[in-house]
Every structure is written in structure tokens, then in C-alpha cells.
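# Structural characterization, general
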Amino acid sequence: MILPTPVELTYTTGEFILDRDTAVHAPGDAGPAGALLRILLGPATGLPLPPAGDGAVRLALTGGTGEGYRLSVTPKGVRLTADGPAGLRHGVQTLRQLLPPEALSPDPAPGVVWRLPCVEITDAPRHAWRGALLDVARHFQPLPFLLRTVDLLALHKLNVLHLHLTDDQGWRFPVDAYPRLVEVGSRRARSMVGQAGSTRYDDRPHQGSYTKGELAELVRYAAVRGVTVLPEIGMPSHTRAALAAYPELGNRPDRRLEVWTDWGVCENVLGVHDRVLDFCRTVLGEVADLFPSRYLHLGGDECPTDEWERSPAAVARAAELGLAAPKELHGWFLGQVGGFLLEQGRKPVCWAEDSTSSLPPEFTVMPWRDGDHGLAAARRGHDVVMAPHRSTYLDYPQRDHPDEPLGQAGAVVDLATVHANEPTPAHWTDAERSRVLGTQAQFWTEFVRTQDEFDHLAFPRLAALADRSWNPASDYTTDFLPALPRHERRLSAFGVRARR
């Protein structure tokens, strides 16, 4: 059984066995998918799968750009066709799952017969945006962790890695024009122990940042597997680490701040003077140079305006712009930096935390507090990526039990709830549903320090989100749950320590 659940799958009689004589024919633009098949199957199987015109495994493009594919396995061979390269990559992942679970092992699996059951599959996703956010600001994760995450997303036919690179607790992106962002902003003296509001700390410094070479390698590695890396540089809030490095960017330039050591929402935000806007444009320019994604995320939520209310410069700026109050500077600020991205040919993305917005319609929004905020955004003309916290925030605990690891307070998000996540509810009109690009999971990392902790939160819940975002007809009881035991064997072979 395959996850995500294929749209149409029929098992037929017989099998095809991959062996050392099996060759792959992937001419022209199908070549990268053939190479990906070798990359993915080589470590476990040891099979060379050389290119050959008469190969029994045949990959071909039929023209177009869609993500759908058609896979036929017969006793004589394999034929995989797709409109576009993305479809071929998805078909390769399906082939991988049809093999014994040991095919996902990073190490040789001797003695396994690499049988493919005979099947006919026609498959395509419901939504174009199927992703996951990884917060590397609260707890930094090195490049190998990110590459492994890309592989897990691609296995589940998820195609966006949303990389949350900056926050109050750490700045991870190197900016040539502002070196202190990582020299100072990437290190905090300690971390809060427990949920927001705790008075306990671990008194262990935490630090880390990426080089531009590492991030370029991530982008390249992800592209080969069909995953787009979406960078997020939060502003004007969630910027305490930047303010620790460059106090002049704040509302009290005479004040010296440390990188924040608490969880929750920090009151310190960027100022609204011209120097700050120049800073933001410079940073975003360097981000755009490194990440080819059409979309760039600006954060934009949880912005306390108390500092602006008390700042003579901010009050004067609001008056100069004819705004009713300094709090309205929030929409103006995002419009300024978003406009810069639009001029660069990129699309700005922001979190949406209420049903009102002063953002231009060119912004793509991610509603996270309530699904109805997505409906309001769609009616205003925004493209929408649905991320409601009660069904997509996988840092929430999976059950209400004393043995459950510490997670965010306020909700339990179990497996059935994630699978029931519906980005386009039935009561929306066709026009409103057409604004929804897709959905994604969120992994905020206040309580995620290690790979094992990530695996426990991610699986099998991420598989559930991937299943429904790909195939809305997949039923939790009759499709997803029966497929899960074999999928857990695949994940175990990969090295994932999933929650059982």
C-alpha cells in the first residue's frame, strides 16, 4: 500500500524483479528522474540500473508541466510516464514504496529480492502546495538534518520545505552586509525550560548558523528531489536576535538587548525609520540571491505595537503617512518590504492571524489561528496556504497522557485530526476554494532539540497530512490506517524513530 494514497490503483497478476541486469531508459528530459531512481535505490539494493535504450524500466515525458503520473508494472517491465518532470519524480517515489520496505535503508540490504507487484496507477495531487515548516531559529539543526528532512518530504510527495531562519531566539542566515547578525544573533546564553511563562532555564548556551554554501547545497539537493525551499525572514516582529546585533534598528537605539532566552511573543520590534527599511531590503536581496523560490516569507504576525506607541519617531512616521494610530504602521511596513519583493519578481508571503488585513492582494497569506481567516483572505483576493494550528501544528502533543513529551500548550493534535485537515471546506464557494494553493504542517522547535524528538512528532502525523493534501478521497479508516503498518516499516528502514 502506498502513501499518499494514489487516486487510482489496481493490482494485477504477477511481479517484476529488479536485478543486476535491469536497465533504465529515460531519454531527454526524463533523464534526471532516471538518475534520481538510481540515487534513491542504489544504497539499499546495490543495483547499478544503468541507462540503456532497451531498458526494462522506461521513463518518459508526454509534455506539459503537471504533477500527475501514470505507472504500469507488468511481468515484462515498468513504464512510468508523466506530463512534467515533477510527475516523474512522484512516480519514482511510488516505485520505491512498491518495493520491499528495505529499499529505503541507507545501508546495503543483502539477500532481499527486489520485487515489484504488477499494478496500474493513475495519480495526481489535489493541491500544488504541500509542505512542512521547520523552525531552525528556536533550535538550530545542521545541514545533514535538513537534507534528511528533504528526503522525508519527497518520500511523501510533499514539495515545499518552509525554513524558518530567524526569530527572537536566534538568527541563522548569513548576511554579508550585516555580519553581526550571525556573530551576535546566532547565539543565546540559555533556553527556557518548559512552556512560555516558565521561570526555569537550562543555562546552556545555544548557537548555530549556516554558511551560504550550505544553504546553496540544500537548495540544490532539494531541487533534485522536487522540493522547493521557502525561506522565512521574520519582520517587523520576532526580531530580537537582530536587535541584539544592531540596536540602531530598534525603537530605542541607546538600549542594548541580548538574544531572547524565553518562549512566547517578545515585545521588541523593528523601528520604522528609513535605516530599518534599507536593512530589510538588503537582507531580502541577499536571501533572494540564494533562494530561487518564487515565494519569500516575511513572517509578519504576532507584532506588539507598544514600542511604536511610545516611540516619537514611530508616532511621527504614522502622522506623516496619515495613519490613524501607530499600530497601523504594521500593514504599511509589510507593504514596503513586500513591494520590494514584488519589484524583484518574487511573491511575498505572510502569516494571517485575524480576519482583517491591510496587505495588498499580491501577498500570499498563511492563516494559522482559524480556518475562517483563510476564507476572509480568499474573499479579499489573496492566494492562501492553509495552516490552522489545531490540525497542522505538529509541535502540539499527540495525546493527553503523562508519558507524552512536552509540547505546545492549548491543544492535542492526534493522527485522526491531522488526516481530517481540510484546506477547502465544503461551505466555501468554488471561487473561494480556487484561491487555496494548498496546506502544510508546522514544526516549531521550542521543545525539539534532536532528530529523535523530531521523528516522534512528525510520524506518522506528517504522513496523514501528506495523504489528504494529495488525495482528498482517501478515507482515514479504510485507506490510510490499513496502509500505515507497511509504511511504518519503510520509515523504520529509513531510520525514522516514529511514534507507534
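Shown above is the structure to which this text applies.
Quick summary incoming for the structure in this document. (Residues numbered from 1 in each chain as written. Predicted model: local features only at pLDDT ≥ 70, side-chain atom pairs only at ≥ 80, totals over all residues. Heavy atoms only, no water.)

## Looking at the overall build of the chain
We apply this condition: Under the DSSP-based scheme used, a helix requires at least four consecutive residues in state H or I and a strand at least two consecutive residues in state E, with every element numbered from the N terminus. For this measure, only C-alpha atoms enter the radius of gyration; the expected value for a globule follows 2.2 Å times N^0.38, where N is the number of residues. Note on exposure labels: buried denotes an accessible area under 20% of the residue type's maximum, exposed denotes more than 50%, and partly exposed covers the range between, all computed with a 1.4 Å probe on protein chains only. Only heavy atoms enter the contact rule, under which two residues are in contact if any of them lie within 4.5 Å.
Within the chain, the regular secondary structure consists of 17 helices and 20 strands. For 500 residues, the compact-globule formula gives about 23 Å, and the C-alpha radius of gyration of the chain, at 24 Å, lands near that figure. For the chain, the C-alpha atoms occupy an extent of roughly 75 × 50 × 45 Å along the three principal directions. Considering the chain as a whole, with its 500 residues, one finds that 58% of them fall into the buried category. Taking as baseline every contact in the chain between residues at least 6 positions apart, the subset at least 24 positions apart corresponds to 71%.

## With respect to the sheet that holds strand 8 (residues 160-164)
What counts is decided by this rule: Pairing between strands is defined by DSSP: at least two bridges between the two strands are required. A fitted line through C-alpha atoms serves as each axis, taken over the contacting stretch for helices, and the angle formed by two N-to-C directions is quoted from 0 to 180°.
The strand order around the closed barrel built from eight strands is 7-8-15-16-17-18-19-20, with neighbouring strands paired in parallel fashion. Strand-to-strand twist of the sheet, defined as the mean angle between neighbouring strand axes without regard to direction, takes the value 30 degrees. Both strand 7 (residues 129-135) and strand 8 contribute to a ladder of five bridges, which runs parallel. When the sheet's bridge partners are listed, L133 is paired in strand 8 with H162. Lying on the sheet, helix 7 (residues 274-290) is in contact with strand 15 (228-235) and strand 16 (295-299); it crosses strand 15 at an angle near 170 degrees.

## Some thoughts on the nonpolar core
Our working definition: Residue types Ala, Val, Leu, Ile, Met, Phe, Trp, Tyr and Cys, when buried and joined through side-chain atoms within 4.5 Å, form a set referred to as a nonpolar core.
The biggest cluster of nonpolar side chains holds 120 residues, and the ones touching the most others in it are W171, F173, L181, L218, F333 and F443. Beyond its immediate chain neighbours, meaning those up to four positions away, L218 contacts L143, L146, L147, V150, L161, L163 and V229. With 34 residues, the next largest nonpolar core counts I2, L88, A109 and W470 among its residues.

## Overview of helix 5 (residues 212-224)
Note: α-helices contain 3.6 residues per turn, so residues at a spacing of three or four share the same orientation. What counts, and what does not: In a helix, the anticipated span is given by 1.5 Å times the number of residues less one.
Its 13 residues place the ends of helix 5 19 Å apart at the C-alpha level, agreeing with the 18 Å of an ideal helix rising 1.5 Å per residue. Within helix 5, the full set of buried residues consists of L215, L218, V219, Y221 and A222. Of the surrounding secondary structure, the elements contacted by the buried residues of helix 5 are helix 3 (143-155), strand 8, strand 15 and helix 7.

## Here's the deal with the sheet that holds strand 5 (residues 77-82)
Taken in spatial order, the six strands line up as 1-6-4-5-3-2 in an open sheet, and their pairing is mixed. Looking along the sheet, the strands with just one partner apiece sit at the ends: strand 1 (8-18) and strand 2 (24-25). Relative to strand 5, strand 4 (residues 69-74) runs antiparallel, the two sharing six bridges. What sits directly across from L71, in strand 5, is L80. Strands in contact with helix 2 (residues 85-98) are strand 1, strand 3 (57-61), strand 4, strand 5 and strand 6 (114-123); relative to strand 4, the strand with the most contacts, it is inclined by about 35 degrees.

## A look at the pattern of salt bridges
Two side chains bearing opposite charge may form a pair once their charged atoms approach each other closely. The criterion, for reference: By convention in these notes, a salt bridge is any Lys or Arg side-chain nitrogen within 4 Å of a carboxyl oxygen on Asp or Glu.
One pass over the full model with this rule turns up 28 salt bridges. We note a salt bridge from R70 to D83, for which the minimum N-O separation is 3.8 Å. Pair noted here: R70 is in strand 4 and D83 is in the loop between strand 5 and helix 2, with a separation of 13 residues, a long-range link. Its relative accessible area of 31% is what places R70 among the partly exposed residues.

## A look at the side chain of H162
The cut-off we apply is this: Within 3.5 Å is the distance limit for a polar contact, defined as a pair of N or O atoms, with the added protein rule that one can donate a hydrogen and the other accept it, and that residues adjacent in sequence qualify only through two side-chain atoms.
Relative to the helices and strands, H162 is located in strand 8. In terms of polar contacts, H162 uses its side chain to reach the side chain of Q440, at 3.0 Å. Excluding residues within four positions of it along the chain, H162 makes contact with A132, L133, L134, L230, E232, H297, W351, M366 and Q440.

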